[in-house]
Amino acid sequence: MRILVVSQYFWPESFIINDMVRLLVEEGHEVEVLTGKPNYPDGNFFPGYASKGYQREIYDGNIVVHRVPLRPRKNGGTRNLILNYLSFVANGLFWSKKVLGKHDDPYDVIFAFALSPITSVIPAVYLKRRFKIPLVVWVQDLWPESLSATGFVTNKFALRAVGAMVRWIYSNCDRILVQSKRFFDPVSKFADPAKLEYYPNSYLEPDSEPEGGPGIPPAILRAMEQNFCVLFAGNIGTAQSVETIVGAARKLAHLQGCKIVMVGSGSMLAWVEQQKAEHGLDNLILAGRYPPSAMPQFFLRAQALLVTLKRDEIFAYTVPSKIQAYFCAGRPIIAALDGEGAQVVRDAQAGVVCSAEDVEGLCRSVEHMYRLSAVDLQEMAESGRRYFLEHFEMRSQTRELSRILAAVCDVSNVRQC
């Protein structure tokens, strides 16, 4: 198949769509990508990119990437994010017409990777209608619910308008894939339930684990090797309820040799740094931000892996993508979250779970894990690993995606006949 992937975010930004595109090509498909200029998560363009002008490049040897100009996220905030979102829509529409519209029949199917914002799917809708080819959207975030949950939009009339836009986008989709089983009900409010299909996030296991991590200070690696370390990896932001992690660190100072290690960056990092200094939290290590290639070295040295989210209905619907990586790493999981993410950890029998924002519960979970035998820890780790191979291994999931896209193409061809 000839597949056009539409995603506002793409390499060198770190998202699973990067690996999935490569694996689709390995499956024998011809893939092109329509995306923006990379500036996530720091809000500044990556070296070699500027805001103006269309840019064509080759990814991984043979994948054509069409990059349209957009306004960077800068330091976040409502105004900057809205301008960033709208600039991808406007430039995606303008440049897709000029760059992709010269072909009479360029693609068999369009696959839209729908992280927030859902507006990033609008250029894909335009191309679907222009070329009369099927569109499959993979929903990663719930709109408009995520807007109200994060406080980004609170006006009820604005939320209704966004809901109408979401309904229009979904009406133009031939298939809607949802990354969580709990997405079915909220997405069905805006889409035909018959279009929906469960398709979870996945993770591509590294081919090998390097001896050293790129740029990881030896002191951090030694600290992890010499202590019982609970590792949190990923975005350090408001949605992750880092206040819960800091609160637990304050109460766990009595556990000798127990450290909480946070790897990543985000809007709450400065606050965490301030709390660490203010309360003298020697058991909290802020390792900094590293590329995905460094994560195996952190996972290898951790005794448990930590995932947290805020207490909110919308977060209970989702499965944080780091859970798949944690399962793959073969380490027990401590989960302080509600809903579908918590249920997955329970189903896998891969760790211990407490409620979101429950500081006392997180403390009990860490101390429980700290006192388990090596045999018990290994049993949890192996259980999670088995669950990963059965449900979340990216190569098998990409083959499933190929099947879904091919089926949509077949149905579309029948309708046109």
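Residues numbered from 1 in each chain as written. Predicted model: local features only at pLDDT ≥ 70, side-chain atom pairs only at ≥ 80, totals over all residues. Heavy atoms only, no water.

### Points about the overall build of the protein
- On a plain count of helices and strands, the protein comes out with 16 helices and 14 strands.
- Relative to the 2.2 N^0.38 estimate, which gives 22 Å for 417 residues, the radius of gyration of the protein is 22 Å and therefore close to what a compact globule would have.
- Taking the principal axes of the C-alpha coordinates as reference, the protein spans close to 70 × 40 × 40 Å.
- Put simply, the protein has 417 residues, and 56% of those count as buried.
- For the protein, the proportion of contacts with a sequence separation of at least 24, taken over those separated by at least 6, is 71%.
- As displayed, the protein has an accessible area near 18,000 Å², and 50% of this comes from carbon and sulfur atoms.
- The centroid of the 45 positive side-chain charges in the protein is displaced by 8 Å from the centroid of its 43 negative side-chain charges. (Helix = DSSP H or I, 4+ residues; strand = E, 2+ residues; numbered from the N terminus. Rg over C-alpha atoms; globule rule 2.2 N^0.38 Å. Buried < 20%, exposed > 50% of the residue type's maximum accessible area, 1.4 Å probe, protein only. Contact = heavy atoms within 4.5 Å. Areas by Shrake-Rupley, 256 points an atom, 1.4 Å probe, with all protein chains shown as cover. Lys, Arg positive; Asp, Glu negative; His and termini not counted. Charge placed at Lys NZ, Arg CZ, Asp CG, Glu CD.)

### Structural notes on the nonpolar core
- Grouped together as the largest cluster of nonpolar side chains are 118 residues, with contacts concentrated most on Phe 111, Val 121, Tyr 170, Phe 298 and Phe 327.
- Among the elements that line this core, the one with the most residues is helix H1 (residues 16–26), at 7 residues.
- Discounting residues that sit within four places of it in the chain, Phe 111 has contacts with Ile 3, Leu 4, Val 5, Val 6, Ile 17, Val 136, Trp 138, Leu 177, Leu 401 and Leu 405.
- Counting 31 residues, the second largest nonpolar core, distinct from the first, contains Val 230, Ile 245, Leu 252 and Leu 284. (Core = buried A, V, L, I, M, F, W, Y, C linked by side-chain atoms within 4.5 Å.)

### So, the sheet that holds strand S4 (residues 63–68)
- Reading across the sheet, the 8 strands line up as S3-S4-S2-S1-S5-S6-S7-S8 and stay open at both edges, with mixed pairing between neighbours. The sheet is open, and its two edges are formed by strand S3 (55–59) and strand S8 (196–198), each paired on a single side. Averaged over all neighbouring strand pairs, the angle between strand axes comes to 25°, with direction disregarded.
- Where S3 meets S4, 5 bridges bridge the pair, whose relative direction is antiparallel. Its bridge partner lying in S4, Glu 57 is registered against Val 65.
- Relative to strand S5 (residues 109–114), helix H3 (residues 122–131) is tilted by about 170°, and along the sheet it contacts strand S1 (2–6), strand S2 (30–36), S5 and strand S6 (135–139). (Pairing = 2+ DSSP bridges. Axes fitted to C-alpha atoms, helices over the stretch in contact; angles between N-to-C directions.)

### Points about the sheet that holds strand S9 (residues 228–233)
- Read from one edge of the open sheet, 6 strands run S11-S10-S9-S12-S13-S14, paired in parallel fashion. Edge positions in the sheet fall to strand S11 (284–288) and strand S14 (351–354), since each has one partner strand and no second. When strand polarity is set aside, the average angle formed by the axes of neighbouring strands in this sheet is 20°.
- Where S9 and strand S10 (residues 258–263) come together, 6 bridges link them in parallel fashion. Bridge assignment links Cys 229 to a residue of S10, and that residue is Lys 259.
- In this fold helix H14 (residues 359–371) packs onto S9, S10, strand S12 (304–308), strand S13 (333–336) and S14, with an angle of close to 165° to the strand it touches most, S14.

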